[in-house]
Structure formats: structure tokens, C-alpha cells
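Summary of structural features
If you want the building blocks of each chain, they are given just below.
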Amino acid sequence: FCLSRGLGDVYKRQLFAKADILLQVRTAGANPRFDDDLPMLREGQVLIGLMEPLWKAEVMPRLAQRGVAAFAMELIPRISRAQSMDVLSSMATVAGYKAVLLAASHLPKMFPLMMTAAGTIQPARVFVIGAGVAGLQAIATARRLGAVVEAYDIRPAAKQEAESLGAKFVTLGLESEEAQEATGYAKAFDEAFYRRQQQLLASVITRTDVVITTAAVPGKRAPLLINAQMVHTMRPGSIIVDLAAEWGGNCELTHAGETIVEQGVTIIGAVNLASTIPFHASQLYSRNLANFLNLLFREGQMNLEDEITRSTLVCYQGEVVHPRVKENLAGAKTE
């Protein structure tokens, strides 16, 4: 609300009271002020937005108690028919682009190769870990700025995509077809695997000016790819932009929402980067939601039989109904 908080809260309560369908950017577990919103929700309302239902499953039973039908946009399945509704891909596109701009603004070098009368300026070296949507956008942006780009992903299929954008693909011998679940999202491995991965990544990171990490596993802590010892081998002035900061970080030294310097290496704990480019982030998000609404409602009735709407439905008729969220809740109770 572009109003004083007091007046804005009055209008917000009126909006919640009148609306049958509420579309939010960050709600439930993704909204740090959700305790303010929760009492305003009523039975029968439809709530749609980013909710972090797997990462913060403990919030979902409280939401269910309000009797709302809650749809989490993070759970859109990675299938062709759902691409126009894929909020995570839209926001990752923005984040991957902005990550490179952040790195370029902090790096004490220019990105491109330049031939000048005063001599040749060598291009910056950028290493992108994770060639999903954010990673591919980071590769494309860094290449447009003239950097030499290397990329790594555990999925063998990512090699062709990264190379098509001008990156050299780094092969560690750990690549696996099993690194991706049937839903299209990344799969977690054990600690021994990640320790081996760190050892093999170390030699690449040492020669790199900028490292952009994008690895995340839904509902779990982000895999630890860069430990403190690896950071200490990087040249002073080097940059790490950790796009997984909000989920624990791919770098051991990352602080979510903060930029720190460790032995001359700047580590940027990027959080919600899409909000820093609000015009296009909002444009993409609103289109995703509009496409989802067109699928969800048919002739005034909710369509809960479709694979896409079933996959995103978290709470319904007073209960948490999503299988993976229920599984996370059960796991938390036994710990």
C-alpha cells in the first residue's frame, strides 16, 4: 500500500473482507507479516500466491484452520502445459539477470575484453553453478557483457543449453540423469556427494572472478557447494552472488539479505531479487496468475480435477491436503 501504514491497514481489512479471491505475491510462509493477514482470512476464500509450503510447512495448518482454499504457485509442475503459469521460472529469469548486474557493480574489473591504446584488458571470468532458468539467464547476461563464462550443473541435459548460450560447460564426472525428479525440480543428494562435488569445484572457483550459485532443492536446505576454505582460495576482489541465500545458501559464509567481505571476497546473500526490478517482475507474475485463474475457474466453479490445480492445492475445506506438505509436517513431528 502506498499509504501510511495505519490508513493502509484499514483499506487492507476492507479488501480482505470483500474479496472472494485473494492474489498475493508473498503470502503464508513466504510473508514475514503473515500473522497480520491470517485473522482477516475467512472460510470459503481462495488464496493464491507464493507460500513456501515445503520450506515452512508448519504455517500451513494455521492457514487451513481459516477454511480457505490455498494454492501455492511454487508447486506448479514443470510440464509443458503449465509453462505459462510457472512463477518460479519467471522470477528466476529476473533474478539471474540481476545477479550478474550485482556482480558487475561490485567487481573491481570490467567484464569485456578491450583492446585499448594503453594495452589489452582481459575479460572477467564468470562461473555459474546451476544451469536452470536463473543460471541460464545469468549465463546469457554475463556473455552479453563480454565475460568468459563457465557453467556447471549436475544434470547432463543442461550441457547443451549452457553451451548454446556461449558458456563452457565444466564436467566433474558426477553428472547424473537421476538429479531431477519427475516433477522437473532438483533432487537432493547425501553429504558425501556434496563433499566430493566441493573438492572438484574448488579448482574452477580458484581461477574465477565471479561465481553465481543457483542450486536449490524444494523444501530442503540448499546444497552446500562452496565452503569457507574454497572462498579463501579466491583472488581478492572476487565476487560470489548466492541466489540460494534464502534457503541456507550454496556458500558456507553466506548471510541471507547481507553483503559481506571475507578475506577480500565479496559474498552477496541475494534475497528476493525479483523485487528489485518491480516493473517486469510484476508483469510476468501477473500473467502467470491470470493464466492460472483461467484454468482454475470454469463457469464459476473451481476446477480441482486438473493436474496443475491439484498439484498446487495446499489447503482445502479446513485441512492440509497436499501430500508433500503433509509428509513434511509428519517428519517435523517425529524429529
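None of these values were measured; they are calculated from a predicted model.

Our next topic: the overall build of the protein. When helices and strands are counted, the protein shows eleven helices and 16 strands. Whereas a compact globule of 335 residues would reach a radius of gyration of roughly 20 Å, the protein reaches 21 Å, a difference of no more than 12%. Overall, the protein is about 70 × 45 × 35 Å in size when its C-alpha atoms are taken along their principal axes. Here the protein holds 335 residues, and 49% of them are scored as buried. A separation threshold of at least 6 residues defines the contact pool for the protein, and within that pool the share at least 24 residues apart is 63%. A total accessible area of about 16400 Å² is found for the protein, and carbon and sulfur atoms account for 53% of it. Taken as two groups, the 33 positive and 33 negative side-chain charges of the protein have centres that lie 4 Å from each other.

Moving on, we get to the sheet that holds strand 1 (residues 21–26). In space, the five strands of this open sheet follow the order 1-2-3-15-16, with mixed pairing throughout. Edge positions in the open sheet fall to strand 1 and strand 16 (319–320), since each of these has one partner strand only. Taken together, the two bridges between strand 3 (residues 69–72) and strand 15 (residues 313–316) define a ladder with antiparallel strand orientation. Within strand 15, the position partnered with F71 by the bridge is L313. The strands touched by helix 9 (residues 278–296) within the sheet are strand 1, strand 2 (46–50) and strand 3, with strand 2 carrying the most contacts at an inclination of about 145 degrees.

Turning next to the environment of L101. Checked against the element boundaries, L101 lands in helix 4 (residues 87–106). Between the C-alpha atoms of L101 and A216, which are 115 residues apart in sequence, the distance is 21 Å.

Moving on, we come to the environment of L145. Note on placement: L145 falls in the loop between helix 5 (133–144) and strand 7 (148–152). In this structure L145 comes out as partly exposed when scored by relative accessible area, which is 32%. Separated by 29 residues in the primary sequence, L145 and L174 have C-alpha atoms spaced 30 Å apart.

Under the counting rule described, the total for this entry stands at 13 salt bridges. Between R33 and D36 there is a salt bridge whose closest N-O contact spans 3.1 Å. D36 sits in the partly exposed class, given a relative accessible area of 38%. Between E150 and R207 there is a salt bridge, and its shortest N-O distance comes to 2.8 Å. Here R207 lies in the loop between helix 7 (191–206) and strand 9 (210–213) and E150 lies in strand 7, a separation of 57 residues in the sequence. By relative accessible area, R207 is classed as partly exposed at 33%. Via salt bridges that share partners, K109, D209 and R235 belong to a single interconnected network.

Turning our attention to the sheet that holds strand 11 (residues 259–262). Strand order in the open sheet made by the seven strands is 8-7-6-9-10-12-11, with mixed pairing throughout. Where the open sheet ends on each side, the last strands, each with one partner, are strand 8 (168–169) and strand 11. Here four bridges tie strand 9 to strand 10 (residues 239–242), and the two strands are oriented parallel to one another. Counterpart to V210 in the pairing with strand 10 is I239. Packing against the sheet, helix 7 makes contact with strand 6 (125–129), strand 7 and strand 9, and its axis sits at approximately 160 degrees to strand 6.

With that out of the way, let us pick up the packing of aromatic side chains. The description of an aromatic ring pair uses the distance of the two centres, along with the angle that the planes make with each other. Applying the stated rule across the entire model yields one aromatic pair. When the centroid spacing of 5.8 Å and the interplanar angle of 65 degrees are considered together, the rings of F71 and F292 count as edge-to-face. Highlighted residues: F71 in strand 3 and F292 in helix 9, separated in sequence by 221 residues. Here F71 falls in the buried class, since its relative accessible area comes to 0%.

Quick look at the packing of helix 4 against helix 9 now. Put simply, helix 4 and helix 9 touch, their axes get as near as 9 Å, and they point 170 degrees apart. The orientation of helix 4 relative to helix 9 falls into the category roughly antiparallel. Touching V87, S90, M91 and V94 of helix 4 are A281, L284, Y285 and N288, all from helix 9. Of the residues that constitute the contact of helix 4 with helix 9, the class distribution is six nonpolar, two polar and no charged.

Our focus in this paragraph is unusual backbone geometry. Of note in the backbone geometry, Q263 takes a positive phi value of approximately 50 degrees without being a glycine. If you trace the backbone, Q263 turns up in the loop between strand 11 and strand 12 (265–268). The phi dihedral of E299 is positive, around 55 degrees, even though this residue is not glycine. Within the secondary structure layout, E299 lies in the loop between strand 13 (297–298) and strand 14 (301–302). A residue is classified by how much of its surface remains accessible, and E299, at 82% relative accessible area, is exposed.

What follows concerns the side chain of K98. Structurally, K98 is set in helix 4. Of the side chains bearing the opposite charge, E246 lies closest to the buried K98, which forms no salt bridge; the N-O distance is 14 Å. Once residues lying within four places of it in the same chain are set aside, the contact partners of K98 are L273, T276 and I277.

Conventions we followed
- Residues numbered from 1 in each chain as written.
- Predicted model: local features only at pLDDT ≥ 70, side-chain atom pairs only at ≥ 80, totals over all residues.
- Heavy atoms only, no water.
- Helix = DSSP H or I, 4+ residues; strand = E, 2+ residues; numbered from the N terminus.
- Rg over C-alpha atoms; globule rule 2.2 N^0.38 Å.
- Buried < 20%, exposed > 50% of the residue type's maximum accessible area, 1.4 Å probe, protein only.
- Contact = heavy atoms within 4.5 Å.
- Areas by Shrake-Rupley, 256 points an atom, 1.4 Å probe, with all protein chains shown as cover.
- Lys, Arg positive; Asp, Glu negative; His and termini not counted.
- Charge placed at Lys NZ, Arg CZ, Asp CG, Glu CD.
- Pairing = 2+ DSSP bridges.
- Axes fitted to C-alpha atoms, helices over the stretch in contact; angles between N-to-C directions.
- Salt bridge = Lys/Arg side-chain N within 4 Å of Asp/Glu carboxyl O.
- Phe/Tyr/Trp six-rings, centres within 6.5 Å; stacked < 30°, edge-to-face > 60°.
- Parallel < 35°, antiparallel > 145°, perpendicular 65-115°, else oblique.
- Nonpolar A, V, L, I, M, F, W, Y, C, P; charged D, E, K, R; others polar.

These values are about where atoms sit, not about what they do.
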